[in-house]
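# Structure at a glance
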Amino acid sequence: MILSAKKKTPPPRTIGLITDFGLTDPYVGQVKAVLARKAPNCPVVDISHHVAPFNVAQAGFFLAASYEHFPSDAVILAVVDPGVGTDRRIVCLEIGNRLLVAPDNGLLTLALNRAWSEVRAYDLSRAMDAPKKVSHTFHGRDVFAPLAAWLALGGGLEGFGREMDPADLVTQTWSRPEIGDHRVLGHVVHIDRFGNCVLNLEAGSLGTPSGLRMESPSGGPLAYAVKYADMPEGEPGLLEGSQGFLELAVNQRSAAKRFGLSMGDTVEMSWEA
């Protein structure tokens, strides 16, 4: 008797979640219920559900700062989707073996800009056709969650879409800073609970600038710091933050209040030659 080889089942992959759904409404619970039903053995890690409503830039920062901390084969689902119900694409970045799934609205571009390993991109919009019933306003539950479960259980990307050029992903003005001759124009992509203002500038991207100054929205000198203690208490600086990005900080104070900054604001800085 010839015994056929038993087909190996791929090990379950960890699923990470980023949304702007909050925790007051049932939305996150419904997304996780779909994942529990379709991929019951896959661990689910909540990165954040308190992205500011519709704030794609903040979600993009959370994703770019977090995905490398996940297992090498994780599936990370980021749903901040102001264009839900329109013809915007559903896309996926494959960075190494990790899969980053999101609407094509610029959310993936910070992660793409930071990627060091091989990157491939896929248009997975055909996933819209898979569920029997889809709400026009809640694709996170009805489309993205089943897609993430499928991928976490070893489903192939080719099952839902086609490969595309990563350069064809939608980009936004905040996704890349403008670095010139001793001057930079960046954007605030996140303000944490301490008032630190995270910029769309990778740590180390300016070298070690001397004579650093804030030019706009307000002027004044900035220390270039690698830790908060490098700045006198109450004094501002540009810090190489723990999330891999530069952030405006004031030692034991709020930089957001000090400079009057909100998420999405533009910041201009200069330094000596």
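The sections below set out a description of the structure shown in this document. (Residues numbered from 1 in each chain as written. Predicted model: local features only at pLDDT ≥ 70, side-chain atom pairs only at ≥ 80, totals over all residues. Heavy atoms only, no water.)

### A look at the pattern of salt bridges
Convention followed: Every case where a carboxyl oxygen of Asp or Glu lies within 4 Å of a side-chain nitrogen of Lys or Arg is listed as a salt bridge. The buried label goes to any residue with under 20% of its type's maximum accessible area, the exposed label to any with over 50%, and the partly exposed label to all in between, with areas taken from a 1.4 Å probe on protein chains only.
Inspection of the entire model under this criterion finds 11 salt bridges. For D142, the salt bridge goes to R141, with nearest N and O atoms at 2.6 Å. Using a relative accessible area of 25% as the deciding quantity, one classes R141 as partly exposed. Here D230 and K227 are joined by a salt bridge, their closest N and O atoms 3.0 Å apart.

### Some words on the state of the cysteines
The condition is simple: Cysteine sulfur atoms are paired as a disulfide whenever they fall within 2.5 Å.
Counted under the stated rule, the structure contains zero disulfides. Unpaired in this structure, C42 has its nearest cysteine sulfur neighbour in C92, at a distance of 15 Å.

### Some details on the environment of D165
Threshold: For the purposes of this entry, the term helix denotes a DSSP run of H or I that reaches at least four residues, the term strand denotes a run of E that reaches at least two, and both are numbered from the N terminus.
Structurally, D165 is set in the loop between β7 (162-164) and β8 (178-180). Judged by relative accessible area, D165 falls into the partly exposed class, the value being 43%. In this structure, the C-alpha to C-alpha distance between D165 and Y122, residues 43 residues apart in sequence, is 8.0 Å.

Keep in mind these numbers describe shape, not what the thing actually does.
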